[in-house]
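Analysis of the macromolecular model
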Amino acid sequence: MKIMTFNTQHCQNFRTGKIDFSAMAEVIKKCGADIVGLNEMRSLGEDPGYTDQTAELSRLTGIENYYFAKAIDVSGQNPYGNALLSKFRILSAENIMIPDPVPKPENTLYETRCILKARLEGGLTVLVTHFGLNGDEQENAVSAVLKNLESERCILTGDFNVTPESPLLAPIREKMTDVSSLFKAPLLSFPSDKPRIKIDYIFVTPDIKVTGADIPEIIASDHRPHTASVEL
């Protein structure tokens, strides 16, 4: 099967600056993804532009099973968070909040984050997350991820906002395989037009065989998609 992680920047086209569901759906279809972890997704809110983006991508891609996990309400009334598209039936799903650091330093951008955890038919568990920008937020995110991983048939995807050499990833690497180990040369994911860093990840438990991995040169969102081919 094909796994994909994709930060859509609320489905905003990187070139035009406009919401573009068709462009995001085409990326997913072009990559041939069966399971897609999505970051920076909007859901139905009170302000214009806050529509059920996950449902719209489901419709356009033909991937019928989906789930949205809210991290925050923008302006108090507009849901924003992570999402999952799956060609496999979602048996259960939950939204796990990542604890906010206390206290928060002043004049620094903090944002509450979450982990979407879904159990799919066939016994597969998928976690989709988006780490914060600050070190203490990221430490809390790693701790929350470790508490919610399964030891077998588990996939972790997301924008971690850290580069591969970060020691924060070490505890996750002890339990899971970073699919980018199959890259023939280093590949970067952000920004999509001229990427300088890799901050998007797919990890799998050791019982899942990784047969390929890529960050294709696609410009749709501000992040490039990251894919992996796996066998269970």
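It should be noted that the structure appears before, not after, this text.
Residues numbered from 1 in each chain as written. Predicted model: local features only at pLDDT ≥ 70, side-chain atom pairs only at ≥ 80, totals over all residues. Heavy atoms only, no water.

1. Things to note about the sheet that holds strand E7 (residues 124-130)
Within a sheet, neighbouring strands are paired by backbone hydrogen bonds and run either parallel or antiparallel to one another. Across the sheet, which stays open at both edges, the six strands sit in the order E5-E6-E7-E8-E10-E9 with mixed pairing between neighbours. The open sheet has two free edges, formed respectively by strand E5 (90-97) and strand E9 (177-178), since each of these has just one partner strand. Across five bridges, the pairing between strand E8 (residues 154-159) and strand E10 (residues 200-204) is antiparallel. The residue bridging Asp159 from the neighbouring strand is Asp200, located in E10. (Pairing = 2+ DSSP bridges. Helix = DSSP H or I, 4+ residues; strand = E, 2+ residues; numbered from the N terminus.)

2. Quick notes on the side chain of Lys117
Structurally, Lys117 can be placed in strand E6 (residues 114-120). Of note is the side chain of Lys117, whose polar atom sits 2.8 Å from the backbone oxygen of Asn148. There is a polar contact of 2.8 Å between the side chain of Lys117 and the side chain of Glu150. Every residue in contact with Lys117, bar those within four places of it in the chain, is listed here: Ser92, Ala93, Glu94, Ile96, Thr125, Val126, Leu127, Asn148 and Glu150. (Polar contact = N/O pair within 3.5 Å; in protein donor to acceptor, adjacent residues only side chain to side chain. Contact = heavy atoms within 4.5 Å.)

3. Some remarks on the pairing of strand E12 (residues 226-231)
Each regular strand displays side chains that alternate between the two surfaces of the sheet. Across four bridges, strand E1 (residues 2-7) lies against E12 in antiparallel orientation. Of the residues in E12, the one forming a bridge with Met4 is Thr227. Two elements, strand E11 (residues 209-214) and E12, share five bridges in a ladder whose sense is antiparallel. Among the inter-strand pairings, Ala213 is bridged to a residue of E12, identified as Ala228.

4. Some words on unusual backbone geometry
The phi angle of most residues is negative, glycine excepted, and most peptide bonds adopt the trans form. Of note, the amide linkage connecting Phe190 to Pro191 takes the cis form, showing an omega dihedral of -10°. Inspection of the secondary structure puts Pro191 in the loop between E9 and E10. Notably, Cys11 is not glycine yet its phi reads approximately 60°, a positive angle. Here Cys11 shows up in the loop between E1 and helix H1 (21-31). When its relative accessible area of 0% is taken as the criterion, Cys11 is described as buried. Located in the positive-phi region is Glu40, a residue other than glycine, with phi close to 60°. You can call Glu40 buried: its relative accessible area is 16%. (Buried < 20%, exposed > 50% of the residue type's maximum accessible area, 1.4 Å probe, protein only.)

5. Some details on the packing of aromatic side chains
Scanning the model with the defined rule gives four aromatic pairs in all. A ring pair is formed by Phe160 and Tyr201, whose centres lie 5.1 Å apart and whose planes are at 25°; its orientation type is stacked. Note that Phe160 is positioned in the loop between E8 and helix H4 (170-175) and Tyr201 in strand E10, a separation of 41 residues in sequence. Residue Tyr201 is classed as buried on the basis of its relative accessible area of 0%. Cluster of aromatic residues (ring-pair linked, three or more members): Phe131, Phe160, Tyr201 and Phe203. In this arrangement the basic side chain of Arg42 is found over the ring face of Tyr50, its NZ or CZ atom lying 4.3 Å from the centre. Directly above the aromatic system of Tyr201 lies the positively charged group of Lys198, at a separation of 3.6 Å from the ring centroid. (Phe/Tyr/Trp six-rings, centres within 6.5 Å; stacked < 30°, edge-to-face > 60°. Lys NZ or Arg CZ within 6 Å of the ring centre and 35° of its normal.)

6. Considerations on the environment of Pro101
Topologically, Pro101 is positioned in the loop between E5 and E6. As a C-alpha pair, Pro101 and Asn140 span 39 residues in sequence and 7.4 Å in three-dimensional space. If we skip the residues at most four places from it in the chain, Pro101 touches Tyr110, Asp136, Glu137 and Asn140.

7. Digging into helix H3 (residues 135-148)
Between its terminal C-alpha atoms H3 stretches 20 Å, which fits the 20 Å expected from 14 residues at 1.5 Å a residue. All of the buried residues in H3 are Glu137, Gln138, Ala141, Val142, Ala144, Val145 and Asn148. Down the axis of H3, the smallest arc covering the buried residues is 165°, so these residues share one side. Buried positions along H3 lie against E5, E6, E7, E8 and H4. (Expected span 1.5 Å × (residues − 1). Arc of directions from axis to C-beta.)

In short, geometric facts, not functional conclusions.
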